[in-house]
Amino acid sequence: MRSSLTPPHARVLLSCLLLGLGVSVLALPVPAHATVAEGEEAGRMVLVLDSSGSMKEQAGGTTKIQAAKEALGLVVEQLPEDAEVGIRVFGAEVFDRSKPGACTDSQNVVPVGPLDRGALTAAVADYQPYGETPIGHALGEAAKDLGPGAEGERRTIVLLSDGEPTCQPDPCKVAERLAKQGVDLAINVVGLDVSGKAREALQCIARAGNGDYYDAGSADELANSLIKVSVRDLRGFRLTGERVEGGTTPQDALPIEPGTYVDTSLPEEGLRYYLVDRPEGGGVSFSALVRPPKGDENWNTVVSVSLLTPDGQRCAHSYAQSLQVLGMTPLTSTAVTFNPFAQTRLASEECVAAPQLLAAVSSKAGVGDYRLQVSTQPAVQNADALPGPVADEGDWIDVVDVATAGPREPVVGGVNFDDAPELVPGTTYSDSLRPSEVLVYKVRAGYGQAVRLSASLGTDPQAASVVGLQGPHVTLHSYSGLGQRLTQVNEPDKGVRSSEFYNGGEPRLLTAVVPPIRVRNVESPQPGVRTLIQDGYQYFALGMARAVSAQDAQFAAPVTISAELVGEVEGEPEYAGDVAGPGDEGAAAAEDGGTSETPDQSSNQAAVESDDPAPVVWWTLGGLGVLLLAAAAVVLVRRSRA
């Protein structure tokens, strides 16, 4: 089904609804081993759609109902087989409140359950504006659609309405009752072009239903709002890999081959050990990704990785520290590499000669599952011809021109590297970002190439009306293909800033870079460059800190993103054999520029990583001081709420 809706509106709203379903149009990579997917379930959701007569009105160049129909039609084409989402409409059959059944006019047109594309397509085709606005009754029926829910299963009702309730029961009281009865139930609300009593009524529903409320005055604003009221409760964080159990001493280290694995942290602080065969004269790379427990506000190192000789000589080390104090998604990744180029660092002659290496992983007690990725590289045969490590500065450090007008491709930022969408250099993308959220993207690059990415946060009236003069902190970080967080680059003279404060009233431009990818970067004195040796996908994480209050959090900043590749493919290593590890099926050069595909890794927007024995957190402490000052300023200069 196609309508006359303008393509940009349709594509943006499609992204919103896909995210609402916990869906990415990109498939998760599946390792060659038998795999498990450990983590949060995606949850269940029902869209409660307003079919009242006022949905015939215009919003942003098209009718409200037409915008929704076009997006739903496209969503049906993209839904994965395991999606669990239903559609309920209200006001679709009885025209006038004086007619019998007007206040119970709500139909479950698509039950929440196994995907039925035919039923969804038919429901979208039949969706028309017609009658009254019995929101209270529709909410009660939507809760029945979702079912009682099991402990830990997230259930979400997403209400889209453009008018004041016209029937009893009072929807605010219904939402309060459902929130008390339901297990992990949230009622999120988007008010489309509403004001006065209608807006107050919809806000009350969200507040009573433990959900979020967003205003939308146009199709684009509606798209941004729908993304956020859906993704928060439905998009699950998962770790994919072969289930293993590492040893607790060097002597009982688990022999492990290149691949992707999931293990569990020890109940008390301690190390797990893995034994990796190292190709003669070659290298070993090891990464670890964790998600610390929610609500943990401590600045503790949550994961570290050391590569050791079997007799305990440390050859390389890296760790990641959580920055949950900023209120961002607690996702932490670190990576470490040892090869002959690294012998000028920690490595001794024993490291260079060792045919096997121990990987020792330390994770904070109570972290739960973490993901490991292991790869090996044979000896490099053209070592003398390869360029040396990246210098401190270069022409690869610059902002990307982010177009303020023209076509934009909607994109849905991922939760971690596994579902990060690929950004093609030269294309302009649109997304949106809300407080306490991190969005992850990936860009493919070859040896010799640098990547830079800029994200422009546009103005947002709703944000400007609820936050203080500075607003929450926003940051953009880059990560190597191994999952190592790279050093932030800030060069104000070039306009390069990786962090700002966002108040909704002024645009903000953030830039992050991946230095030129070289095998010999492992020799670099810079901790953030030292293990950057792998071509293929490089990662970027855009995050916003928590707002001061729940009211302050109810906005979604529009984001425009562009990426660039700098330099030509050169300095490619010639290996004595095949590189082994996750995604090694993509090791051959790609047709479009000679870059290689590497596995999707996992990124940590809120992490500090280093190869040095102790963390460097001075920039973090300084940022906290600024945040505390900003919080004080917010209290003093709080703007009035609409």
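As shown above, the structure is provided for reference.
From a predicted model like this one, the values you see are computed outputs, not experimental measurements.

Criteria and thresholds
- Residue numbers run consecutively from 1 along every chain, following the written order of its sequence.
- Restriction of local features to residues with pLDDT of at least 70 applies here, the model being predicted, together with a cutoff of 80 or more for giving and counting side-chain atom pairs; totals for whole chains, interfaces and linings are based on all residues.
- To get the side-chain values, take all heavy atoms of the structure and skip hydrogens and water.
- Elements are defined by DSSP. Helices are runs of H or I of four residues or more, strands are runs of E of two residues or more, and each kind is numbered from the N terminus.
- Buried residues are those whose accessible area, probed at 1.4 Å on protein chains only, stays under 20% of the maximum for their type, while exposed residues exceed 50% and partly exposed ones sit between those limits.
- Residues count as neighbours in contact if any of their non-hydrogen atoms are within 4.5 Å of one another.
- Reported accessibility uses the Shrake-Rupley method at a 1.4 Å probe radius. Residues are deemed covered only where the shown protein chains occlude them.
- Side-chain rings of Phe, Tyr and Trp, where Trp is taken by its six-membered ring, are said to pair if the distance between their centres is within 6.5 Å; with planes under 30 degrees apart they count as stacked, over 60 as edge-to-face, and otherwise as tilted.
- Throughout, disulfides are identified as pairs of cysteine sulfur atoms within 2.5 Å of each other.
- Salt bridge criterion: a side-chain nitrogen from Lys or Arg within 4 Å of a carboxyl oxygen from Asp or Glu.
- Orientation is described by lines fitted to C-alpha atoms, with helices fitted over the stretch in contact, and by angles between N-to-C directions that extend from 0 to 180 degrees.
- Each angle is binned into one of four classes, with values under 35 degrees roughly parallel, values over 145 roughly antiparallel, values of 65 to 115 roughly perpendicular, and all other values oblique.
- Following DSSP output, two strands are said to pair if at least two bridges run between them.
- Expected helix span is computed as 1.5 Å times (number of residues minus one).
- Note on terminology: a nonpolar core comprises buried Ala, Val, Leu, Ile, Met, Phe, Trp, Tyr and Cys residues joined through side-chain atoms within 4.5 Å.

Regarding the overall build of the chain
Tallying secondary structure elements over the chain gives 10 helices and 29 strands in all. A burial count over the chain gives 60% of its 642 residues as buried. For the chain, restricting intrachain contacts to residue pairs at least 6 apart in sequence, the fraction spanning at least 24 positions comes to 81%. Working note: accessible area of the chain is about 24300 Å², and carbon and sulfur atoms make up 51% of it.

Brief notes about the packing of aromatic side chains
Tallied over the full model, the rule gives 5 aromatic pairs. Ring geometry for F95 against Y130: centres 5.5 Å apart, planes inclined by 65 degrees, an arrangement best described as edge-to-face. On the criterion of sequence distance, the pair formed by F95 in the loop between β5 (85-90) and β6 (106-110) and Y130 in the loop between α3 (117-126) and α4 (135-146) is long-range, its members being 35 residues apart. For F95, a relative accessible area of 52% puts it in the exposed group.

Overview of the state of the cysteines
For the structure on display, the rule yields 3 disulfides. Each sulfur of the disulfide joining C103 and C167 lies 2.2 Å from the other. Here the S-S torsion is close to -75 degrees, and the disulfide linking C103 with C167 is therefore left-handed. Of this pair, C103 sits in the loop between β5 and β6 while C167 sits in the loop between β7 (155-161) and α5 (171-181), placing them 64 residues apart in sequence.

A word on the pattern of salt bridges
Scanning the model with the defined rule gives 14 salt bridges in all. The closest approach of N and O atoms between D418 and R371, which form a salt bridge, is 2.7 Å. Here D418, found in the loop between β20 (409-410) and β21 (429-433), pairs with R371, found in strand β19 (residues 369-377); they are 47 residues apart in sequence, far enough to count as distant. D418 gets classed as buried once you look at its relative accessible area, which sits at 5%. Its salt-bridge partner being R497, residue E500 comes within 3.8 Å of it at the nearest N-O pair. On the basis of relative accessible area, E500 is assigned to the partly exposed category, the value being 22%. On the basis of relative accessible area, R497 is assigned to the partly exposed category, the value being 34%. Linked by salt bridges that have partners in common, R497, E500, E506 and R508 make up one network.

Overview of the packing of α5 against helix α6 (residues 196-208)
For the pair α5 and α6, interaxial distance at closest approach is 8 Å and the crossing angle is 10 degrees. For the element pair α5 / α6, the angle class is roughly parallel. On α6, the residues touching P171, C172, A175, E176 and A179 of α5 are C204, I205 and A208.

Topic: the pairing of strand β17 (residues 332-338)
Most of β17 sits inside the fold, with 7 of its 7 residues counted as buried. Neither face of β17 is open: one carries T332, T334, V336 and F338, the other S333, A335 and T337, and all of them are buried. With 7 bridges joining them, strand β14 (residues 283-290) and β17 adopt antiparallel strand pairing. Bridge pairing in β17 places F286 opposite V336.

Quick look at the sheet that holds strand β24 (residues 473-479)
Across the sheet, 4 strands lie side by side as β22-β27-β24-β25; this open sheet has antiparallel pairing. The open sheet has two free edges, formed respectively by β22 (437-445) and β25 (499-501), since each of these has just one partner strand. The sheet shows a mean angle of 15 degrees between the axes of neighbouring strands, direction not considered. Pairing between β24 and strand β27 (residues 536-544): 6 bridges, direction antiparallel. Of the residues in β27, the one forming a bridge with V474 is M544.

Some words on α4
Each full turn of the α-helix corresponds to 3.6 residues, which orients residues three or four apart in the same direction. Its 12 residues give α4 an end-to-end C-alpha distance of 17 Å, which sits within 8% of 16 Å, the value for a rise of 1.5 Å per residue. Counting buried residues in α4 gives 10 out of 12 residues, a clear majority hidden from the surface. Within α4 the residues assigned to the buried category are I135, G136, H137, A138, L139, G140, A142, A143, D145 and L146.

Side note on the nonpolar core
Within the largest apolar cluster, 70 residues are counted, with the highest numbers of intra-cluster contacts made by F286, L457 and L542. Here F286 is in contact with Y274, V276, V305, L307, T334, A335, V336, A359, V361, L372, Q373 and V374, once residues within four sequence places are set aside. Ranked by size, the runner-up nonpolar core spans 27 residues in total, among them V194, L202, C204 and Y213.

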